[in-house]
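Each chain, written out:
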Amino acid sequence: MNESETRALVESRLALIPDFPEPGVLFRDLTPVFADGEAFHALAEALTAPFAGRFDVLAGVEARGFLLAAAASVAAGVGVLPIRKAGKLPRAVLREEYSLEYGTAALEVHEGELPPGTRVLIVDDVLATGGTVAAAARLVERAGWHVAGVSVAIELAELHGRDALPAGLEAYSLLSY
Ligand SMILES: O=P(O)(O)OC[C@H]1O[C@H](OP(=O)(O)OP(=O)(O)O)[C@H](O)[C@@H]1O
Ligand SMILES: Nc1ncnc2[nH]cnc12
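Residues numbered from 1 in each chain as written. Chains lettered and ligands numbered in written order. Predicted model: local features only at pLDDT ≥ 70, side-chain atom pairs only at ≥ 80, totals over all residues. Heavy atoms only, no water.

Named according to an unreviewed UniProt entry, the protein chain is Adenine phosphoribosyltransferase originating from Agromyces soli. For the record of the protein chain, the UniProt heading Subcellular location (unreviewed entry) holds the text "Cytoplasm". Per UniProt, the comment on the protein chain under Catalytic activity (unreviewed entry) is "AMP + diphosphate = 5-phospho-alpha-D-ribose 1-diphosphate + adenine". (UniProt positions renumbered as here; feature names shortened; annotations may be inferred.)

S.K.: Explain the overall build of the protein chain here, please?
M.R.: Across its full length, the protein chain carries five helices and nine strands. Start at the N end of the protein chain and walk to the C end: the helices and strands fall as α-β-β-α-α-β-α-β-β-β-β-α-β-β. Relative to the globule expectation of 16 Å for 177 residues, the C-alpha radius of gyration of the protein chain, 15 Å, shows essentially globular dimensions. Its C-alpha atoms give the protein chain principal-axis dimensions of about 40 × 35 × 30 Å. Across the 177 residues in the protein chain, those meeting the buried criterion constitute 47%. Taking contacts inside the protein chain between residues at least 6 apart in sequence as the whole, the part at least 24 apart equals 58%. Surface exposure of the protein chain reaches about 8,100 Å², of which carbon and sulfur atoms provide 53%. Between the mean site of the 14 positive side-chain charges and the mean site of the 24 negative ones, the protein chain shows a separation of 5 Å. (Helix = DSSP H or I, 4+ residues; strand = E, 2+ residues; numbered from the N terminus. Rg over C-alpha atoms; globule rule 2.2 N^0.38 Å. Buried < 20%, exposed > 50% of the residue type's maximum accessible area, 1.4 Å probe, protein only. Contact = heavy atoms within 4.5 Å. Areas by Shrake-Rupley, 256 points an atom, 1.4 Å probe, with all protein chains shown as cover. Lys, Arg positive; Asp, Glu negative; His and termini not counted. Charge placed at Lys NZ, Arg CZ, Asp CG, Glu CD.)

Rendered as structure tokens:
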């Protein structure tokens, strides 16, 4: 399936929920896309296509990013690095705090999980304020790896998340609103 067909299919499955998880937020719910085999597989492949040959591993941000990164990593034949919410990883971690459209949180990775210089493509479902992906990128760089790019299913352009990302970082979104 080509990129524009994937875009149309994913958009047709997407649910829009007003005022979730709090008043004023229009929530873009990808669960119907995850539940549809054709849409989910096409989305997983579309997320890595622009970065072909330029990454060694995918990083998925807990929780919705895990689903996409895991599926995309199998399709691309690479491994997946879980970037977890704080307090879940059992060994020595690096931590980055951040804020998002509806709160604050912290992300962690295990130190030394990948060899130095590994090229990491960060995958998530939504780029909103950019706080989550920017924190993930800081973690990857602090750990001694290289951020190959950022790939998301949906970008909420009005929240200017791209502006929160490190200068020069390549960011791809299948859908932009
Ligand atoms: O660009 P930002 O403003 O940071 O927002 C985007 C993040 O918000 C959601 O995560 P959430 O923390 O709600 O977690 P979930 O995946 O566990 O539902 C989404 O999955 C992104 O990771
Ligand atoms: N509006 C939104 N819809 C879905 N996920 C989000 N994460 C942050 N903002 C979001």
